[in-house]
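Remarks on the overall topology
Each chain, letter by letter, is given below.
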Amino acid sequence: MSGPLLKVENLAKHYMLGNGFLKQNCPVVRAVEDVSFSVAPGETLCIVGESGCGKSTLARLLMRIVEPTSGRVIIDGTDITEFGPHALRVWRRRMQMVFQDPYSSLNPRLTAGQIVTEPVENFERLKRKQREALAADLLQEVGMRPEIMHRFPSELSGGQRQRLAIARALSLRPPLIVADEAVSALDVSVQAQILNLLLDLQQNTGIAFLFISHDLSVVEHIAHRVAVMYLGRIVELATCEALFANPTHPYTEALISAAPLPDPTRVRPGAPVEGEVPSPINPPSGCAFHPRCPHAIKRCRQEMPPLAPMADGRLVACHVRTGAPAI
Ligand code: ADP
């Protein structure tokens, strides 16, 4: 296939707070602002950033669980932004989602077998034998025994439930899965098993992942490319190797220096970021990171830096690091 599998253009989501009586006076949360990126077939793009930076909203915008304020979502060259419910249902075969908490995203009244085959049954009626064969295949694909198909989610462990959620997402053979903090609620050892499962699935099927996580050690393990978000915007987009070896945006640098290393005797260079994420209702002027940035210059307080390409191909939104003249 030529071209990207998923293309996101200038996507934005603004939430109006208040009762809407006088719209112009309502505070607006700019949860996602002017976000553009693409995902190639078979690629893992990770979206990272502190809590509240807009990662989950972005995932929900892609799935059209929330409606964008502006911007476009294009999958396989088709703009799905304006699709109605019927077209959207068909299109969802191309992109499935795995959530952080598999317990609340799985129907507790259905057995594991019914859960994993439900997406297929939304499109075609299966006979009992067909359903059982499909359930057994899907469960095996995510490393579980077929007998599990008769159990309910409450009878499974957290790791088993997340495997089930992955099997369900795989059932329609989508070329892309959006995973929102899909391993964050799991113990570290179970996390590693699920991550390895995702890597194996990618190797065997060529599936692409848009993987959302606040945990850089997870991201370093699985990403091909990484987009770093701050207050609703992408501030750096680079290959995983380049990002960890040479973080360029001061926010990326601070995030990486704060992330734990597998070897506790090693230390990350740089200083962790200080202070709180500002409110997206009233973001700082210019570069939204400037109040927390040790390198900020006058221009950073006055002008929003564009996401600009660097010599190595990465994109960075920073006046200082992209060499904009000081004012
Ligand atoms: P993350 O996933 O990175 O933690 P979110 O996408 O959940 O961030 O949230 C981004 C911002 O949008 C936060 O400030 C959050 O409070 C706000 N937000 C999310 N959903 C809503 C909503 N339904 N109404 C108002 N504000 C929202």
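Below: a short report on this structure. (Residues numbered from 1 in each chain as written. Predicted model: local features only at pLDDT ≥ 70, side-chain atom pairs only at ≥ 80, totals over all residues. Heavy atoms only, no water.)

Right, let's talk about the environment of leucine 62 for a bit. One can find leucine 62 in helix H1 (residues 55-62). Sequence-wise, leucine 62 and methionine 95 are 33 residues apart; in three dimensions their C-alpha atoms are separated by 8.9 Å. Residues within four places of leucine 62 in sequence aside, it is in contact with Leu6, Val8, Leu11, Phe37, Val73, Ile80, Trp91, Met95 and Leu210. (Helix = DSSP H or I, 4+ residues; strand = E, 2+ residues; numbered from the N terminus. Contact = heavy atoms within 4.5 Å.)

Tallied over the entire structure, the rule returns 18 salt bridges. Across the salt bridge formed by arginine 30 and glutamate 33, the nearest N and O atoms sit 3.3 Å from each other. Residues participating in the shared-partner salt-bridge network are Lys7, Glu9, Arg72 and Asp79. (Salt bridge = Lys/Arg side-chain N within 4 Å of Asp/Glu carboxyl O.)

A word on the site of the ligand. Lining the immediate environment of the ligand, one finds 13 residues, of which Gly52, Gly54, Lys55, Ser56 and Thr57 sit closest. Within the backbone of glycine 52, an N or O atom sits 2.6 Å from an oxygen atom of the ligand. Here cysteine 53 contributes a backbone N or O atom positioned 3.1 Å from an oxygen atom of the ligand. About the coverage of the ligand: the protein hides 63% of its 560 Å² of free accessible area. Of all the elements, H1 adds the most residues to the shell around the ligand, at 3 residues. Looking at side-chain class alone, the shell around the ligand contains 6 nonpolar, 5 polar and 2 charged residues. (Near = heavy atom within 4 Å. Polar contact = N/O pair within 3.5 Å; in protein donor to acceptor, adjacent residues only side chain to side chain. Areas by Shrake-Rupley, 256 points an atom, 1.4 Å probe, with all protein chains shown as cover. Nonpolar A, V, L, I, M, F, W, Y, C, P; charged D, E, K, R; others polar.)

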